[in-house]
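Observations on the model geometry
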Amino acid sequence: MKSLMNKFGVDPNSIGRLEVGTESNLDRAKSVKSHLMQLFEPAGNTSISGVDNVNACFGGTAALMNSINWMESRDWDGRLAIVVAADIAIYEKGPARPTGGAGAVAILIGPNAPIIFERGLSAIYMSHSFDFCKPDPFSPYPVVDGKGSIASYLNALFICSEKIEKLVHTHTQQQVKCCDFFDYLVLHTPYPKIVTKSLNALTAHLDEKKRKDIFIAKAQAALKYSSVLGNLYCASVYTNLLCLLTSEESLLNRRVGIFS
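Basis of the calculations
- Residues numbered from 1 in each chain as written.
- Predicted model: local features only at pLDDT ≥ 70, side-chain atom pairs only at ≥ 80, totals over all residues.
- Heavy atoms only, no water.
- Buried < 20%, exposed > 50% of the residue type's maximum accessible area, 1.4 Å probe, protein only.
- Helix = DSSP H or I, 4+ residues; strand = E, 2+ residues; numbered from the N terminus.
- Pairing = 2+ DSSP bridges.
- Contact = heavy atoms within 4.5 Å.
- Axes fitted to C-alpha atoms, helices over the stretch in contact; angles between N-to-C directions.
- Expected span 1.5 Å × (residues − 1).
- Patch = residues over 30% accessible without salt bridge, like charges linked within 9 Å, V, L, I, M, F, W, Y side chains within 5 Å.
- Areas by Shrake-Rupley, 256 points an atom, 1.4 Å probe, with all protein chains shown as cover.
- Salt bridge = Lys/Arg side-chain N within 4 Å of Asp/Glu carboxyl O.
- Phe/Tyr/Trp six-rings, centres within 6.5 Å; stacked < 30°, edge-to-face > 60°.
- 1 Å grid on protein atoms, 1.4 Å probe; cavity = no way out; pocket = protein on both sides within 12 Å on 5 of 7 lines; lining within 4 Å.
- Points joined across faces, edges and corners; volume = space filled by probe spheres on them.
- Nonpolar A, V, L, I, M, F, W, Y, C, P; charged D, E, K, R; others polar.

A separate point is the pairing of strand 3 (residues 80–89). When you tally the buried positions in strand 3, you get seven out of 10 residues, the bulk of the element. Of the strand pairs in this sheet, strand 1 (residues 15–21) and strand 3 are connected by six bridges, and their pairing is parallel. Looking at the pairing, Leu 18 lines up with Ile 82 of strand 3. Bridge analysis of strand 3 against strand 4 (residues 101–109) gives nine bridges, and the strand direction is antiparallel. If you follow Ala 89 over to strand 4, its bridge partner there is Gly 101.

The following block contains the structure:
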(Lines give C-alpha, C1' and ligand atoms only; values in the text may rest on other atoms or scores of the structure.)
Protein backbone atom coordinates (compact mmCIF):
# COMPACT_ATOMS: atom_id res chain seq x y z
CA MET A 1 0.00 0.00 0.00
CA LYS A 2 2.87 2.35 0.75
CA SER A 3 4.26 1.63 -2.71
CA LEU A 4 0.90 2.47 -4.32
CA MET A 5 0.64 5.76 -2.43
CA ASN A 6 4.22 6.78 -3.25
CA LYS A 7 4.04 5.90 -6.96
CA PHE A 8 0.81 7.78 -7.55
CA GLY A 9 1.42 10.65 -5.15
CA VAL A 10 -1.63 9.82 -3.01
CA ASP A 11 -2.13 12.32 -0.19
CA PRO A 12 -2.86 10.33 3.03
CA ASN A 13 -5.60 12.83 3.85
CA SER A 14 -7.37 12.09 0.55
CA ILE A 15 -8.27 8.56 1.72
CA GLY A 16 -11.65 8.11 3.40
CA ARG A 17 -11.92 4.33 3.38
CA LEU A 18 -9.40 1.54 3.83
CA GLU A 19 -10.65 -2.02 3.62
CA VAL A 20 -8.66 -5.26 3.83
CA GLY A 21 -9.37 -8.76 2.56
CA THR A 22 -7.26 -11.47 4.20
CA GLU A 23 -7.41 -14.70 6.13
CA SER A 24 -3.78 -14.35 7.30
CA ASN A 25 -4.48 -12.24 10.35
CA LEU A 26 -1.52 -11.22 12.50
CA ASP A 27 -3.80 -11.36 15.53
CA ARG A 28 -7.27 -12.83 16.09
CA ALA A 29 -8.59 -9.52 17.44
CA LYS A 30 -6.38 -6.70 16.09
CA SER A 31 -7.17 -6.03 12.43
CA VAL A 32 -4.61 -5.76 9.64
CA LYS A 33 -6.39 -2.50 8.73
CA SER A 34 -5.37 -1.07 12.12
CA HIS A 35 -1.70 -1.88 11.36
CA LEU A 36 -1.97 -0.05 8.03
CA MET A 37 -3.23 3.06 9.82
CA GLN A 38 0.45 3.75 10.63
CA LEU A 39 0.70 5.22 7.12
CA PHE A 40 -2.05 7.77 7.84
CA GLU A 41 -1.67 8.80 11.46
CA PRO A 42 1.51 10.91 10.92
CA ALA A 43 -0.53 13.02 8.47
CA GLY A 44 -3.30 13.40 11.05
CA ASN A 45 -5.86 11.26 9.21
CA THR A 46 -7.65 8.91 11.61
CA SER A 47 -11.10 9.33 10.05
CA ILE A 48 -10.97 6.29 7.77
CA SER A 49 -13.81 3.77 7.59
CA GLY A 50 -13.48 0.08 6.68
CA VAL A 51 -12.56 -3.20 8.36
CA ASP A 52 -10.92 -6.55 7.68
CA ASN A 53 -12.97 -9.04 5.65
CA VAL A 54 -12.28 -12.68 6.55
CA ASN A 55 -14.08 -15.08 4.21
CA ALA A 56 -11.56 -17.45 2.65
CA CYS A 57 -10.37 -16.19 -0.76
CA PHE A 58 -13.46 -13.99 -1.26
CA GLY A 59 -12.37 -11.46 1.39
CA GLY A 60 -10.53 -9.24 -1.11
CA THR A 61 -13.53 -9.08 -3.42
CA ALA A 62 -15.87 -8.37 -0.49
CA ALA A 63 -13.59 -5.46 0.50
CA LEU A 64 -13.60 -4.16 -3.06
CA MET A 65 -17.37 -4.37 -3.47
CA ASN A 66 -17.93 -2.74 -0.05
CA SER A 67 -15.64 0.14 -0.99
CA ILE A 68 -17.33 0.70 -4.35
CA ASN A 69 -20.73 0.64 -2.65
CA TRP A 70 -19.46 3.16 -0.07
CA MET A 71 -18.38 5.50 -2.87
CA GLU A 72 -21.82 5.23 -4.49
CA SER A 73 -23.69 5.76 -1.21
CA ARG A 74 -24.87 8.77 0.79
CA ASP A 75 -21.99 8.12 3.23
CA TRP A 76 -19.35 9.03 0.64
CA ASP A 77 -17.56 12.25 1.65
CA GLY A 78 -15.72 12.80 -1.63
CA ARG A 79 -12.49 11.06 -0.63
CA LEU A 80 -10.82 8.04 -2.23
CA ALA A 81 -10.69 4.42 -1.05
CA ILE A 82 -7.93 1.84 -0.92
CA VAL A 83 -8.50 -1.90 -0.86
CA VAL A 84 -5.74 -4.29 0.20
CA ALA A 85 -5.96 -8.00 -0.60
CA ALA A 86 -3.15 -9.99 1.02
CA ASP A 87 -2.45 -13.52 2.19
CA ILE A 88 0.11 -16.15 3.07
CA ALA A 89 -0.72 -19.63 1.74
CA ILE A 90 1.30 -22.32 3.50
CA TYR A 91 0.51 -26.03 3.74
CA GLU A 92 1.91 -28.95 5.69
CA LYS A 93 3.87 -31.59 3.76
CA GLY A 94 1.80 -33.23 1.06
CA PRO A 95 0.37 -32.61 -2.42
CA ALA A 96 -0.87 -29.08 -1.62
CA ARG A 97 2.45 -27.68 -0.38
CA PRO A 98 3.87 -26.81 -3.86
CA THR A 99 0.84 -24.59 -4.53
CA GLY A 100 1.63 -22.26 -1.59
CA GLY A 101 2.58 -18.64 -2.01
CA ALA A 102 2.34 -15.15 -0.52
CA GLY A 103 1.50 -11.71 -1.85
CA ALA A 104 -0.47 -8.51 -1.57
CA VAL A 105 -2.31 -6.22 -3.97
CA ALA A 106 -3.36 -2.62 -3.22
CA ILE A 107 -6.17 -1.05 -5.27
CA LEU A 108 -6.95 2.67 -5.42
CA ILE A 109 -10.63 3.49 -5.98
CA GLY A 110 -12.01 6.84 -7.08
CA PRO A 111 -14.01 8.76 -9.72
CA ASN A 112 -12.98 8.84 -13.40
CA ALA A 113 -11.18 5.50 -13.09
CA PRO A 114 -9.63 3.76 -16.12
CA ILE A 115 -11.12 0.45 -14.93
CA ILE A 116 -14.88 0.57 -14.39
CA PHE A 117 -17.00 -1.97 -12.52
CA GLU A 118 -20.28 -2.25 -14.41
CA ARG A 119 -23.36 -1.61 -12.31
CA GLY A 120 -25.78 -4.53 -12.01
CA LEU A 121 -23.46 -7.16 -13.49
CA SER A 122 -22.36 -9.13 -10.45
CA ALA A 123 -23.53 -12.43 -9.01
CA ILE A 124 -23.02 -13.92 -5.55
CA TYR A 125 -23.10 -17.54 -4.43
CA MET A 126 -22.59 -18.52 -0.78
CA SER A 127 -22.90 -21.91 0.94
CA HIS A 128 -21.84 -23.77 4.08
CA SER A 129 -18.77 -25.95 3.55
CA PHE A 130 -15.72 -27.30 5.38
CA ASP A 131 -13.60 -27.87 2.26
CA PHE A 132 -11.00 -25.40 3.60
CA CYS A 133 -10.76 -24.27 7.21
CA LYS A 134 -8.29 -23.36 9.98
CA PRO A 135 -9.74 -24.74 13.23
CA ASP A 136 -6.43 -24.82 15.12
CA PRO A 137 -5.33 -21.28 16.15
CA PHE A 138 -1.83 -22.55 17.00
CA SER A 139 -1.15 -24.04 13.55
CA PRO A 140 -0.42 -22.06 10.37
CA TYR A 141 -1.72 -24.94 8.26
CA PRO A 142 -5.29 -25.23 6.97
CA VAL A 143 -7.35 -28.40 6.89
CA VAL A 144 -8.13 -29.01 3.22
CA ASP A 145 -10.52 -31.35 1.45
CA GLY A 146 -8.98 -31.08 -2.01
CA LYS A 147 -11.77 -32.75 -3.98
CA GLY A 148 -14.42 -30.92 -2.00
CA SER A 149 -12.66 -27.61 -2.57
CA ILE A 150 -12.55 -28.11 -6.35
CA ALA A 151 -16.22 -29.15 -6.34
CA SER A 152 -17.13 -25.99 -4.38
CA TYR A 153 -15.11 -23.84 -6.78
CA LEU A 154 -16.77 -25.30 -9.90
CA ASN A 155 -20.26 -25.21 -8.37
CA ALA A 156 -19.89 -21.52 -7.48
CA LEU A 157 -18.52 -20.76 -10.95
CA PHE A 158 -21.44 -22.49 -12.71
CA ILE A 159 -24.11 -20.83 -10.58
CA CYS A 160 -22.56 -17.35 -10.85
CA SER A 161 -22.13 -17.76 -14.62
CA GLU A 162 -25.79 -18.67 -14.98
CA LYS A 163 -26.81 -15.65 -12.91
CA ILE A 164 -24.62 -13.33 -15.00
CA GLU A 165 -26.15 -14.73 -18.20
CA LYS A 166 -29.65 -14.02 -16.83
CA LEU A 167 -28.63 -10.48 -15.87
CA VAL A 168 -27.21 -9.87 -19.35
CA HIS A 169 -30.46 -11.11 -20.87
CA THR A 170 -32.50 -8.83 -18.57
CA HIS A 171 -30.43 -5.75 -19.46
CA THR A 172 -29.79 -6.39 -23.16
CA GLN A 173 -32.29 -9.08 -24.26
CA GLN A 174 -29.29 -11.09 -25.48
CA GLN A 175 -29.00 -14.83 -24.95
CA VAL A 176 -25.26 -15.17 -24.50
CA LYS A 177 -22.84 -17.43 -22.66
CA CYS A 178 -20.38 -15.90 -20.19
CA CYS A 179 -17.41 -17.06 -22.23
CA ASP A 180 -18.77 -15.14 -25.23
CA PHE A 181 -19.96 -12.05 -23.33
CA PHE A 182 -16.56 -11.29 -21.78
CA ASP A 183 -13.47 -10.43 -23.82
CA TYR A 184 -11.23 -11.77 -21.05
CA LEU A 185 -11.75 -14.05 -18.06
CA VAL A 186 -9.79 -13.65 -14.82
CA LEU A 187 -10.34 -16.42 -12.29
CA HIS A 188 -9.18 -17.07 -8.76
CA THR A 189 -6.18 -19.37 -9.11
CA PRO A 190 -5.29 -21.75 -6.29
CA TYR A 191 -3.24 -23.41 -9.05
CA PRO A 192 -3.24 -22.53 -12.78
CA LYS A 193 -4.60 -25.85 -14.04
CA ILE A 194 -7.96 -25.24 -12.37
CA VAL A 195 -8.57 -22.35 -14.78
CA THR A 196 -8.23 -24.74 -17.73
CA LYS A 197 -10.57 -27.23 -16.02
CA SER A 198 -13.09 -24.49 -15.30
CA LEU A 199 -13.19 -23.12 -18.84
CA ASN A 200 -13.42 -26.65 -20.26
CA ALA A 201 -16.43 -27.24 -18.03
CA LEU A 202 -18.08 -23.94 -19.00
CA THR A 203 -17.54 -24.65 -22.71
CA ALA A 204 -18.32 -28.37 -22.65
CA HIS A 205 -20.80 -27.83 -25.49
CA LEU A 206 -17.91 -26.88 -27.82
CA ASP A 207 -15.33 -29.11 -29.48
CA GLU A 208 -11.81 -29.40 -28.01
CA LYS A 209 -10.23 -27.03 -30.55
CA LYS A 210 -12.69 -24.21 -29.77
CA ARG A 211 -12.27 -24.75 -26.01
CA LYS A 212 -8.50 -24.43 -26.38
CA ASP A 213 -8.88 -21.29 -28.52
CA ILE A 214 -11.07 -19.66 -25.84
CA PHE A 215 -8.53 -20.43 -23.13
CA ILE A 216 -5.64 -18.99 -25.17
CA ALA A 217 -7.56 -15.88 -26.25
CA LYS A 218 -9.33 -15.02 -23.01
CA ALA A 219 -7.61 -16.58 -19.98
CA GLN A 220 -3.98 -17.47 -20.65
CA ALA A 221 -2.58 -13.91 -20.48
CA ALA A 222 -3.72 -13.53 -16.85
CA LEU A 223 -1.93 -16.64 -15.51
CA LYS A 224 1.75 -15.77 -15.89
CA TYR A 225 2.19 -14.32 -12.39
CA SER A 226 0.24 -16.99 -10.52
CA SER A 227 2.32 -19.76 -12.09
CA VAL A 228 5.37 -18.19 -10.41
CA LEU A 229 3.88 -16.81 -7.18
CA GLY A 230 1.61 -19.72 -6.22
CA ASN A 231 -1.71 -19.39 -4.42
CA LEU A 232 -2.30 -15.95 -2.89
CA TYR A 233 -5.83 -16.55 -1.56
CA CYS A 234 -7.47 -13.08 -1.42
CA ALA A 235 -4.78 -11.50 -3.62
CA SER A 236 -4.88 -14.24 -6.27
CA VAL A 237 -7.57 -12.96 -8.63
CA TYR A 238 -6.29 -9.36 -8.45
CA THR A 239 -2.73 -10.45 -9.16
CA ASN A 240 -4.18 -12.15 -12.23
CA LEU A 241 -6.01 -8.95 -13.20
CA LEU A 242 -2.76 -7.02 -12.82
CA CYS A 243 -1.05 -9.63 -14.99
CA LEU A 244 -3.68 -9.15 -17.69
CA LEU A 245 -3.31 -5.35 -17.54
CA THR A 246 0.46 -5.58 -18.04
CA SER A 247 0.30 -8.34 -20.68
CA GLU A 248 -2.11 -6.85 -23.21
CA GLU A 249 -1.22 -3.77 -25.29
CA SER A 250 -4.69 -2.27 -25.02
CA LEU A 251 -7.80 -3.18 -23.04
CA LEU A 252 -9.74 -0.10 -24.14
CA ASN A 253 -13.47 -0.89 -24.24
CA ARG A 254 -12.80 -4.53 -23.34
CA ARG A 255 -14.99 -6.32 -20.81
CA VAL A 256 -13.25 -8.53 -18.23
CA GLY A 257 -15.13 -11.18 -16.26
CA ILE A 258 -13.70 -11.73 -12.77
CA PHE A 259 -14.48 -14.83 -10.68
CA SER A 260 -13.45 -14.75 -7.04
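Now that the structure has been shown, the text picks up again.
A sheet is described by the order of its strands in space; here four strands give the open sequence 2-1-3-4, paired in mixed fashion. Strand pairing shows two members of the sheet lacking a second neighbour, strand 2 (52–53) and strand 4, which therefore form its edges. Of the strands in this sheet, strand 1, strand 2, strand 3 and strand 4 touch helix 3 (residues 59–71), which is tilted by about 160 degrees from strand 1.

Below, the discussion takes up helix 4 (residues 146–172). Think of an α-helix as 3.6 residues a turn; residues three or four steps apart then line up on the same face. With 27 residues, helix 4 should reach 39 Å at 1.5 Å per residue; the first-to-last C-alpha distance of 39 Å fits that figure. Buried within helix 4 are the following residues: Tyr 153, Ala 156, Leu 157, Cys 160, Ser 161, Ile 164, Glu 165 and Val 168. Buried residues along helix 4 sit in contact with helix 5 (178–181), strand 7 (184–187), helix 6 (193–202) and strand 8 (256–259). Gln 173, located one to two residues past helix 4, shows a positive phi value of around 65 degrees.

As a further point, take a nonpolar patch on the surface. On the surface, a nonpolar cluster with roughly 410 Å² of combined accessible area is contributed by Ile 115, Phe 117, Leu 242, Leu 245 and Ile 258. Along the polypeptide, Leu 242 turns up in helix 9 (residues 236–247). In this structure Leu 242 comes out as partly exposed when scored by relative accessible area, which is 42%.

Another aspect to go through is the packing of aromatic side chains. Throughout the structure, instances matching the rule amount to four aromatic pairs. A ring pair is formed by Tyr 153 and Phe 259, whose centres lie 5.2 Å apart and whose planes are at 75 degrees; its orientation type is edge-to-face. Of this pair, Tyr 153 sits in helix 4 while Phe 259 is found in strand 8, placing the two residues 106 residues apart along the sequence. For the pair shown, Tyr 153 and Phe 259 are each scored as buried. On the basis of an interplanar angle of 75 degrees and a centroid distance of 5.1 Å, the ring pair of Phe 181 and Phe 182 is categorised as edge-to-face. Following the ring pairs from residue to residue traces out a cluster consisting of Tyr 91, Phe 132 and Tyr 233.

Time to look at unusual backbone geometry. Positive phi outside glycine occurs at Asn 112, with the angle close to 55 degrees. Structurally, Asn 112 can be placed in the loop between strand 4 and strand 5 (132–133).

Turning to the layout of surface pockets, a few remarks are in order. Picture a little ball the size of a water molecule; that probe, rolled over the atoms, points out where space is still empty. Taken as a whole, the second largest pocket encloses approximately 990 Å³ of empty space. Around the second largest pocket, the lining is made up of 27 residues, and of these Ile 107, Leu 108, Ile 109, Ala 113 and Ile 115 lie nearest the centre. At the level of secondary structure, the elements contributing two or more residues to the lining of the second largest pocket comprise helix 1 (2–7), helix 3, strand 4 and helix 9. Broken down by element, the residue count for the lining of the second largest pocket peaks at six residues, all from strand 4. Residues of the lining of the second largest pocket, tallied by class, amount to 22 nonpolar, three polar and two charged.

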